Amino acid sequence: MGLMLFPGDDDVASPDVSWSYTGFGTFRKWLAQAEGFTLSEMNGFGGERQWRSVSTTLAPLLNHPDDDGPDLTPAQCATMLPRLEASLDQRQSDDSDPVMRRRIEDVRQLITVLRFCVDKDVELIFG
């Protein structure tokens, strides 16, 4: 069983990105670390640190229940895109490591899905 992020356009041919729950957790930990904080220190992830204490446009993704909670709006998707694209640009040279290659591919797929949500003006669904 796993988690899929997909556009809320009711079209099964639309792009999506999926992980195991463990894989998604690992991906989010990696993104949080790239943003300069440790996810396990955050409220909701075992820690006490409040989300308002971190400044990242990726907060809607990082602080979202795995497969519950509100869908992300097209505006939230649009806000996250530049940071994910910058992260991808910074990491391209690290692709000799297989783990890093996987993270880079995850970011690429997520960017594709987020762009689709923005272009079609539909929500990003966690399911």
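It should be noted that the structure appears before, not after, this text.
In this text the structure is predicted, and so the values were computed from the model without any measurement.

Quick look at the sheet that holds strand β1 (residues 2–7)
The sheet built from 3 strands is open, its strands ordered β2-β1-β3 with antiparallel pairing. The two strands at the open ends of the sheet, each matched to only one other strand, are β2 (17–20) and β3 (124–126). Each adjacent strand pair in this sheet contributes to an overall mean axis angle of 15°, direction not counted. As paired strands, β1 and β2 are joined by 4 bridges and run antiparallel to one another. In the strand pairing of β2, Met4 is matched with Ser18. Sitting on the sheet, helix α4 (residues 98–120) touches β1, β2 and β3, and the angle it makes with β2 is about 135°.

Side note on the nonpolar core
Most often, soluble globular proteins have nonpolar side chains that are buried together. Of all hydrophobic cores here, the largest spans 34 residues; its most connected members are Leu5, Leu84 and Leu124. At the level of elements, β1, β2, α1 (21–34), α2 (59–62), α3 (74–91), α4 and β3 are the ones that each hand at least two residues to this core. With residues up to four places along the chain from it excluded, the contact list for Leu84 reads Leu31, Leu58, Val107, Leu110, Ile111 and Leu114.

A short note on unusual backbone geometry
If you check the backbone angles, Asp10 has positive phi at about 60° while not being a glycine. Following the sequence through the fold, Asp10 ends up in the loop between β1 and β2. Since its relative accessible area comes to 80%, Asp10 is described here as exposed. Positive phi, normally seen in glycine, also occurs at Asp121, with a value near 55°. Its place among the elements puts Asp121 in the loop between α4 and β3.

The rules behind each value
- In every chain, residue numbers begin from 1 and rise along the written sequence.
- Restriction of local features to residues with pLDDT of at least 70 applies here, the model being predicted, together with a cutoff of 80 or more for giving and counting side-chain atom pairs; totals for whole chains, interfaces and linings are based on all residues.
- Each side-chain value is worked out from all heavy atoms of the structure, with water and hydrogens disregarded.
- One requirement defines pairing of two strands: DSSP has to find at least two bridges between them.
- Helix and strand assignments come from DSSP, with helices taken as H or I runs of at least 4 residues and strands as E runs of at least 2, each series counted from the N terminus.
- Angles shown run from 0 to 180 degrees and are taken between the N-to-C directions of axes, each axis being a line fitted to C-alpha atoms and, for helices, limited to the stretch in contact.
- Pairs of residues are marked as contacts when any of their non-hydrogen atoms sit within 4.5 Å.
- Residue types Ala, Val, Leu, Ile, Met, Phe, Trp, Tyr and Cys, when buried and joined through side-chain atoms within 4.5 Å, form a set referred to as a nonpolar core.
- A simple rule labels every residue: compare its accessible area, found with a 1.4 Å probe on the protein chains alone, to the largest value its type can have, and call it buried under 20%, exposed over 50%, or partly exposed in between.

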